Amino acid sequence: MILRYAGVPLLLEDPGFEFQAWLEQSLSLNGLSLFGVQDPSHMEVRSRPRGPFLDRSSGESAPHVGLPLLNYSMTRPPEWRINTLWWPTGATRNSIGLFLADDDSIEKIKKAVAERDGKATLEIGTDDDKPPVAFKSMYLLPPHKITAGEKQGLWLICLVDGRYYWPLRSSGDLVVSSNTTWPQLIQKLMGLLGVAGSADTPHADYGSPDPTELTRKYESVAMLLDSVAASIGMRVILLPNGKVKVLGSALSKVNYEENKKESNLLAGGENSLCSSIPEVILVTCPKVDGDGVYYPDGDVYASENDSRYIELGLECNPTTVPGTKKVFHSTAKAYYDSPSDAYPTNSQELDDLTAKIAEDYLLWQVLGYDQKHIGLIENAESGFDDYSLFSIGSQYDLQNSLLLKETVEDSEGRSTCRELIRDYDCSTRIVSHPPSFGFSSQLSSFPVGGGGDESSSSGVSSSSGSGSSGNSSDGSGSGTSGDSGESSSNGGSGSTPGGSSSEGDPSASGGEGSGSGGSDGSLPGGSGSGCINELEGPVSSLPVAPDASDLQYVLGVDSSGCLKRFPVGPCKPDAGSGE
């Protein structure tokens, strides 16, 4: 067995259960106090709708939408067990691993992670020719002392991945305009997290990100990334190598089928696909007049899709429950020339949006499983997964220890009781999301007559200073002075990649254009202080590909906290670029 953290071997439990029995009696894992019960963003109601609170007169009403919140089945492992690693999907949940180490190992580990910004690689594997699974950038939380006394002690160490700290990464003054695209916004959020990644191409029926709901000030980037992915029918996963993928159901199913070919199934399997589903998928869109003013009393346009007529490509048709409706509340505006009109002028766009939301919602329902596989399977590229549970050295539950004995008869018919060989377990359990997993808000936006309906700014920007600038691909235009970090303009400095950078200088991606900054902030290439977290150069040079290796550039945050582009190649972001 291979079990190492920061290059230091960790301890396996004894196969005779003596240690487990002692731990259960003396310091039960069920009494561990490691994490809070609920994410702070939920308790602070940070997902609240912004529409009714921005630029609204006292008598004007708008439908309450807010950020989509995903109802994850759990935020911690189903049970605390030593030498297991729980790896969930999503941006707002982090992995949790519990392992054992003695005094000498703890000192080596603490010294190693101190030299690596608090993180190191966890390796789990078997002793065969297959290399161990490497979980990079695993952070060490404060170790728990288990044994008392001054002799060689035993410690419980808890490891988490970088998502544990993602809620602490702020969006700054994030400005989303009417010209912002979903790929731009996803790459922006990944950049603020300091990670490299890729995303499926969003379907055109999802339109653009809603500028009002997604323009946020100093919110959790993790919560925003989960919400953005949900709004376009996708899910966020973190790979063991530290890269992020935002995947739809189609590619997730392809990856699942590929993973299944190499698996060695021990127990469980796929669930029945012929389950019950809601009869109707309904999407509400707020009604507005030609000037974009909301109708009184939050009136909405409701678009429906009958689930029975959505082609899912299944061998059997799921049963629909009569009278049931799955409702999504979208920010996409329904434009009316007159209150007496029966349908909005953009009814086709809204109906197409409803059809796409319904299709994606049901496609995420068609695959379910609970499977335990022999060995470790690096199965982390499917949005269908709720979590993977990697176990090593915990083959049997303590209460089932009697199963380790069997009765045998000798040649003369005499019965004897013998103990079975207690071997260490090395397995992977993969569990899909429950059928009720989902959300109820959706954050699309559609222009009126091809123009912007919210803002004249372009692109997406985020600033921690007092001014911000928009993107300009030709380097022309000038920024305006900001007011407490809340102002944005369509000007700014443009830059175009000037070729790959030399090794050791990851920030040298070519010459920057210059622009004139405001009195309170500075633009890239200009004078002044502060940092403008703005994408450099034309966004078309930042493709969102299914494979991160296809990206010409990855986004990261440099040592000064600025969002930068780094060429893919031998050069990497500096130490201040995040994970």
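Residues numbered from 1 in each chain as written. Predicted model: local features only at pLDDT ≥ 70, side-chain atom pairs only at ≥ 80, totals over all residues. Heavy atoms only, no water.

> Would you take a moment to explain the overall build of the protein for this structure?
Regarding its fold elements, the protein presents 8 helices and 30 strands. Among the 579 residues that make up the protein, the fraction classed as buried is 51%. Residue pairs in contact within the protein that sit at least 24 positions apart in sequence constitute 70% of those at least 6 positions apart. For the protein, the exposed surface amounts to about 26,000 Å²; the carbon and sulfur share of it is 48%. (Helix = DSSP H or I, 4+ residues; strand = E, 2+ residues; numbered from the N terminus. Buried < 20%, exposed > 50% of the residue type's maximum accessible area, 1.4 Å probe, protein only. Contact = heavy atoms within 4.5 Å. Areas by Shrake-Rupley, 256 points an atom, 1.4 Å probe, with all protein chains shown as cover.)

> What should I look at first to understand the packing of helix H4 (residues 182-193) against helix H6 (residues 221-231) in this one?
Two quantities define a packed helix pair, namely the angle between the helix axes and the distance between the axes. One way to put it is that H4 packs onto H6 with a least axis distance of 10 Å and a crossing angle of 155°. Compared by their axis directions, H4 and H6 come out roughly antiparallel. At the point where H4 passes H6, the crossing takes the left-handed sense. Along the contact surface, H4 presents Trp 182, Leu 185, Ile 186, Leu 189, Leu 192 and Leu 193, while H6 presents Val 221, Ala 222, Leu 224, Leu 225, Val 228 and Ser 231. (Axes fitted to C-alpha atoms, helices over the stretch in contact; angles between N-to-C directions. Parallel < 35°, antiparallel > 145°, perpendicular 65-115°, else oblique. Left-handed = near helix turned anticlockwise from the far one by under 90°.)

> Help me understand the packing of aromatic side chains, please; the structure alone is not making it clear to me.
By convention here, two paired aromatic rings are described through the distance between centres and the angle between planes. As enumerated under the stated definition, the model contains 11 aromatic pairs in all. Ring centres 5.5 Å apart and planes at 65° place the aromatic pair Phe 328 and Phe 439 in the edge-to-face group. One end of the pair, Phe 328, is in strand E18 (residues 319-330); the other, Phe 439, is in the loop between strand E24 (426-432) and strand E25 (441-442), with 111 residues separating them in the sequence. Each residue in the set Trp 87, Phe 135 and Phe 390 is aromatic and connected to the rest through ring pairs, giving one cluster. Above the face of the Trp 364 ring, Arg 235 is positioned so that its terminal group lies 3.8 Å from the ring centre. (Phe/Tyr/Trp six-rings, centres within 6.5 Å; stacked < 30°, edge-to-face > 60°. Lys NZ or Arg CZ within 6 Å of the ring centre and 35° of its normal.)

> What is the right way to look at the nonpolar core in this model?
Among soluble globular proteins, nonpolar side chains are generally buried collectively. The biggest cluster of nonpolar side chains holds 84 residues, and the ones touching the most others in it are Tyr 5 and Leu 122. Here the element with the most residues in this core is H6; it accounts for 8 residues. Residues contacting Leu 122, with those up to four places away along its chain left out, are Leu 3, Arg 4, Tyr 5, Leu 10, Leu 85, Phe 99, Val 133, Ala 134, Phe 135, Met 138 and Leu 159. Listed in part, the 21 residues of the second largest apolar core include Trp 80, Trp 86, Leu 156 and Val 160. (Core = buried A, V, L, I, M, F, W, Y, C linked by side-chain atoms within 4.5 Å.)

> What should I look at first to understand H6 in this one?
With 11 of its 11 residues buried, H6 lies for the most part within the structure. The N-capping residue of H6, defined by a side-chain oxygen 3.4 Å from the backbone nitrogen of Ala 222, is Ser 220. Just beyond H6, the residue with positive phi is Gly 233, at close to 70°. (Polar contact = N/O pair within 3.5 Å; in protein donor to acceptor, adjacent residues only side chain to side chain.)

> Got a minute to help me understand the pattern of salt bridges in this structure?
Opposite charge on two side chains allows them to pair when their charged atoms are near. Summed over all chains, the structure comprises 14 salt bridges. Linking Arg 216 and Glu 219 is a salt bridge whose minimum nitrogen-to-oxygen distance equals 3.9 Å. A relative accessible area of 6% places Glu 219 in the buried class. (Salt bridge = Lys/Arg side-chain N within 4 Å of Asp/Glu carboxyl O.)

> I tried to follow the sheet that holds strand E14 (residues 244-247) on my own but got confused; where do I start?
Sheet strands line up and pair through hydrogen bonds in the backbone, either parallel or antiparallel. Pairing in this open sheet of 3 strands is mixed, and the strands run E10-E14-E13 from one edge to the other. At either end of the open sheet lies a strand with only one pairing partner, and these are strand E10 (197-199) and strand E13 (235-238). With direction set aside, neighbouring strand axes in the sheet form an average angle of 15°. Direction of pairing for E13 relative to E14: antiparallel, over a ladder of 4 bridges. Counted as the bridge partner of Val 236 is Val 246 from E14. (Pairing = 2+ DSSP bridges.)

> Help me understand the confidence of the model for the protein, please; the structure alone is not making it clear to me.
Do not read the fine detail of predicted coordinates wherever pLDDT is low. Residues with a pLDDT of 70 or more make up 66% of the protein, whose mean pLDDT is 73. Here strand E28 (residues 532-534) is the element of the protein with the lowest mean pLDDT, 35, and strand E11 (residues 208-209) is the one with the highest, 96. Contacts from residues 464-557, a stretch scored under 50 in pLDDT, to residues over four places away or in other chains number 236 contacts. Predicted confidence for residues 559-579 stays below pLDDT 50, and this span has 78 contacts to residues more than four positions away or in other chains. (pLDDT = per-residue confidence, 0-100.)

> Where do I start with unusual backbone geometry in this structure?
Negative phi is the rule for most residues except glycine; trans is the rule for most peptide bonds. Backbone geometry at Ala 6 places phi at a positive 55°, although glycine is not the residue there. Relative to the helices and strands, Ala 6 resides in the loop between strand E1 (2-5) and strand E2 (8-9). Take Ala 6: its relative accessible area is 10%, and that puts it in the buried class. For Asn 83, which is not glycine, the phi torsion reads 60° and is therefore positive. With respect to the helices and strands, Asn 83 occurs in the loop between helix H2 (40-43) and strand E3 (84-88). With relative accessibility at 0%, the residue Asn 83 sits in the buried group.

> Mind showing me how you'd approach the environment of Ser 436 here?
By secondary structure assignment, the location of Ser 436 is in the loop between E24 and E25. Each C-alpha atom of the pair Ser 436 and Asn 71 lies 8.3 Å from the other, and the pair is 365 residues apart in sequence.

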